[in-house]
Amino acid sequence: MSPQFKNEPALDFSVEANRRKFALALESVQKHLEGGRYCAMPIISGAEIATTRSVKSIDPSEVDCILGQVQFASPDHVDQTLHVLSTEGRRWQLTPWQDRIAIIRKAASLISQRRLELAALIVREVGKPWREADADVTEAIDFCNYYSAEAELAAHPRELMQIPGENNIYFYKPRGLAAVIAPWNFPLAIACGMTVASLICGNPTILKPAEQSSLVAFKFAHILLESGVPPYAFAFLPGYGEEIGAQLVSDPRVSLICFTGSKAVGLEILKTSSQVLPNQSLIKRAIVELGGKNCIIVDEDADLDEAIKGVLYSAFGYSGQKCSACSRVVAVGAIYKPFLERLREAASDIIIGKAKDPATFVGPVIDSEAQQRINAVIERADHECVLHYKTDSLPTGGCFVAPTIYRDVSLSSSIWKEEIFGPVLACRHAASFDEALSVANDSQYALTGGLYSRSPGNIRRAYSELEAGNIYINRGCTGALVCRQPFGGYKLSGVGSKAGGPDYLLQFMEPVVVTENTMRRGFAPDQV
Ligand code: NAD
């Protein structure tokens, strides 16, 4: 564990003064957007570049509300950026690590100073309720501080086995030009975590944010430059993933791709990045963090009060749009029926509303395209599966989707198998704990998994037998904290070391060993 690191505390919204502060921040965002002051555009060599491709950023809670205009980069902008960073960016690789760390620590402090403003913009741009928007910002601060502490540890060369006349040293060098391609669902935290990890290791870095969260990412890009990241070391390129994202992935000058997003895009990136073009002098490394189909097992002796609370929050928090979200539950033996009954009761108390309303538990989904896609999944499942709960009253005017629960879901059903990335939960029964484990593991994915149980034996078995990168016992399966729950999965949930964990930075560097023969022959006193 890194000695100098502490998680940034969450804002306590039960304190009235904090609620008031946050309401004021939301009012300020409202004034800014009414004044037409939100925009985003490419930043290349430190300069904002106006482009001819303007796209509206829309509040998913109120689709009539335009938050600002985003100007997307074109393929020419990508080319220009790659030229700058691949030539001038070498200077960043030679910048002393102490300076790089000081810059990223400064970024942490600027994010912290602008914490409320950033969280309020997250509420509006991606429809995150208050608490979750605040957590997005604290996680970004944590990534900056934690990777700074880890970079200090990694910066010191290590002595290897020494024998007389031979000096053996092991150290890390920056890997090279990096392209960071981020998702929208943690618009600040994930974009920030991947970008600062790359920068702190000395890599010139391009951030391509998700189309839907470009305003928040633009604020972050400015924070990096204000913190002292030189304009030749960092560029910001908002734009279409299939166009400029794909261009970054295939360009021979890019040596490292750090991607978080869907399985389909991640697998495509792995395929493309493994191809070596004729003018390419490196093998690319691709870190890809993908989706999940996360399952919580409710054991026969589980504490139902805890299990209901944990399942509900894990399944429907941020409308199920977390890669860690619980989308399957398997309940063992006689607890299945009472579990379902109490889950329905609890679900009927969920408050659905605009993300900016403080009481909202479930806000909108990200955009109308996602809303239509998820509603189509629900419509199909209504015919194929047993509907257990769905609210019949939804707010209007935004991209709202009803939290929906199915029971007795068959193992072959698509809602049991496919990631939906919305507020849809599939439940089924298992006759024994053995069966529950095998059903939970029957997935392409292995991201998060959970168990509610009072049985020490079953808990021990979950440690080793549940297939998930992050296993949670007797708590919900979302809400990983930097350094406490380093995060990432395996199987088709991705390849790479866990974000916010001790191995993460190593992926952004090359280990080098120098062996020096110290038994010099001859004497050259005039040489330095
Ligand atoms: P997405 O794959 O659609 O987009 C992610 C990013 O990739 C965006 O910036 C997008 O513009 C870009 N992109 C799209 N097509 C591309 C292409 N052909 N080449 C290069 N880049 C391209 O994913 P999303 O909708 O933004 O995010 C949701 C997904 O992300 C879910 O599957 C979720 O589980 C996953 N996710 C995983 C983690 C994790 O840590 N494992 C965390 C958050 C989200």
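Here is what the cut-offs are and how they apply
- Residues numbered from 1 in each chain as written.
- Predicted model: local features only at pLDDT ≥ 70, side-chain atom pairs only at ≥ 80, totals over all residues.
- Heavy atoms only, no water.
- Helix = DSSP H or I, 4+ residues; strand = E, 2+ residues; numbered from the N terminus.
- Rg over C-alpha atoms; globule rule 2.2 N^0.38 Å.
- Buried < 20%, exposed > 50% of the residue type's maximum accessible area, 1.4 Å probe, protein only.
- Areas by Shrake-Rupley, 256 points an atom, 1.4 Å probe, with all protein chains shown as cover.
- Axes fitted to C-alpha atoms, helices over the stretch in contact; angles between N-to-C directions.
- Parallel < 35°, antiparallel > 145°, perpendicular 65-115°, else oblique.
- Left-handed = near helix turned anticlockwise from the far one by under 90°.
- Contact = heavy atoms within 4.5 Å.
- Pairing = 2+ DSSP bridges.
- Right-handed = clockwise from strand over helix to strand, strands pointing away.
- Near = heavy atom within 4 Å.
- Polar contact = N/O pair within 3.5 Å; in protein donor to acceptor, adjacent residues only side chain to side chain.
- Nonpolar A, V, L, I, M, F, W, Y, C, P; charged D, E, K, R; others polar.
- Patch = residues over 30% accessible without salt bridge, like charges linked within 9 Å, V, L, I, M, F, W, Y side chains within 5 Å.
- Salt bridge = Lys/Arg side-chain N within 4 Å of Asp/Glu carboxyl O.
- Core = buried A, V, L, I, M, F, W, Y, C linked by side-chain atoms within 4.5 Å.
- Expected span 1.5 Å × (residues − 1).
- Arc of directions from axis to C-beta.

### Some thoughts on the overall build of the protein chain
When helices and strands are tallied, the protein chain shows 16 helices and 23 strands. Over its C-alpha atoms the protein chain spans a radius of gyration of 24 Å, differing by no more than 12% from the 24 Å that the globule rule assigns to 528 residues. Principal axes of the C-alpha set define a box for the protein chain whose edges measure 85 × 60 × 50 Å. In the protein chain, which comprises 528 residues, the share counted as buried stands at 57%. Roughly 22,200 Å² of accessible area belongs to the protein chain as shown, and the carbon and sulfur atoms make up 53% of that amount.

### Quick look at the packing of helix α6 (residues 130-155) against helix α7 (residues 189-200)
Between α6 and α7, the shortest axis-to-axis distance is 8 Å and the interhelical angle comes to 15°. Between α6 and α7, the angle is such that the two are roughly parallel. α7 is crossed by α6, and the crossing has right-handed handedness. Between α6 and α7, the residues in contact are Asp136, Glu139, Ala140, Phe143, Cys144, Tyr147, Ser148 and Ala151 and Ala189, Cys192, Gly193, Val196, Ala197 and Ile200, respectively.

### Brief notes about the pairing of strand β19 (residues 448-452)
With five of five residues buried, β19 is to be regarded as a mostly interior element. By the alternation rule, side chains of β19 split into Thr448, Gly450 and Tyr452 and Gly449 and Leu451, which are all buried. As paired elements, strand β13 (residues 294-298) and β19 share four bridges and run parallel to each other. Bridging from a neighbouring strand, Val298 pairs with Tyr452 of β19. Across four bridges, β19 lies against strand β20 (residues 470-473) in parallel orientation. Its bridge partner being in β20, Gly449 is matched across the sheet by Ile471. A crossover links β19 with its parallel partner β20, the connecting element being helix α16 (residues 456-465), and its sense is right-handed.

### Structural notes on the sheet that holds strand β5 (residues 66-72)
Across the sheet, which stays open at both edges, the three strands sit in the order β1-β5-β4 with mixed pairing between neighbours. Among the strands making up the open sheet, the edge pair consists of β1 (39-40) and β4 (53-58). Across two bridges, β1 lies against β5 in parallel orientation. Of the residues in β5, the one forming a bridge with Ala40 is Val70. Against the sheet, helix α8 (residues 214-227) engages β1, β4 and β5, with an angle of about 70° to β5.

### Remarks on the side chain of Thr478
Note on placement: Thr478 falls in the loop between β20 and β21 (490-491). Here Thr478 is in contact with Tyr313, Ser314, Lys322, Ser324 and Ala325, once residues within four sequence places are set aside.

### Some words on the site of the ligand
Around the ligand, the structure places 27 residues, and the nearest of them are Ala182, Glu211, Ser262, Leu290 and Glu419. Contact distances for the ligand include 2.7 Å between an oxygen atom and a backbone N or O atom of Ala182. Within the backbone of Leu290, an N or O atom sits 2.6 Å from a nitrogen atom of the ligand. Here the ligand, which alone exposes 850 Å², has 87% of that area covered by the protein.

### As for unusual backbone geometry
The phi dihedral of Phe421 is positive, around 60°, even though this residue is not glycine. One can find Phe421 in the loop between α14 (414-417) and β17 (424-430). One non-glycine residue, Cys483, lies in the positive phi region at around 75°. Considering the arrangement of structural elements, one finds Cys483 in the loop between β20 and β21.

### Side note on the sheet that holds β13
Spatial ordering of the open sheet is given by β15-β16-β17-β14-β13-β19-β20, a layout of seven strands whose pairing is mixed. Both edges of this open sheet fall to β15 (386-390) and β20, since each of them pairs with a single strand only. Within this sheet the neighbouring strands show an average axis-to-axis angle of 20°, counted without direction. Lying on the sheet, helix α15 (residues 433-441) is in contact with β13, β14 (326-332), β17 and β19; it crosses β14 at an angle near 165°. Contacting β19 and β20, α16 runs over the sheet at an angle of about 170° to β20.

### A look at the packing of helix α2 (residues 75-87) against helix α9 (residues 241-250)
Look at α2 against α9: their axes get within 9 Å of each other, and the N-to-C directions meet at 30°. As far as their axial angle goes, α9 and α2 are roughly parallel. By crossing handedness, the relation of α2 to α9 is classed as right-handed. Residues Pro75, Val78, Asp79 and Leu82 of α2 touch α9, and the partners they reach there are Glu243, Ile244, Gln247 and Leu248. Among the residues making up the contact of α2 with α9, the classes are represented as five nonpolar, one polar and two charged.

### Considerations on a nonpolar patch on the surface
Together, Leu160, Met161, Ile163 and Val513 make up an exposed nonpolar region whose accessible area comes to about 390 Å². With respect to the helices and strands, the residue Leu160 is situated in the loop between β6 (158-159) and β7 (166-174). Look at Leu160 and you get partly exposed, because its relative accessible area is 34%.

### Observations regarding the nonpolar core
The biggest cluster of nonpolar side chains holds 118 residues, and the ones touching the most others in it are Ile111, Leu188, Phe234, Ile297 and Ile415. For this core, the element with the most residues is α6, which contributes eleven residues. Excluding anything up to four places from it in sequence, Phe234 contacts Leu85, Thr195, Leu199, Thr205, Leu207, Ala221, Leu224, Leu225 and Val229. By size, the runner-up hydrophobic cluster in this structure holds 35 residues, among which are Val298, Ile308, Tyr336 and Ile350.

### Looking at helix α13 (residues 368-384)
The terminal C-alpha atoms of α13 lie 24 Å apart, and with 17 residues this matches the ideal 24 Å at 1.5 Å per residue to within 8%. Listed in full, the buried residues belonging to α13 are Ala370, Gln371, Ile374, Val377, Ile378 and Ala381. An end-on view of α13 places all buried positions within 130° of arc, on one side of the element. The outward face of α13, more than 90 degrees from its buried face, is lined by the exposed residues Glu369, Gln372, Glu379 and His383.

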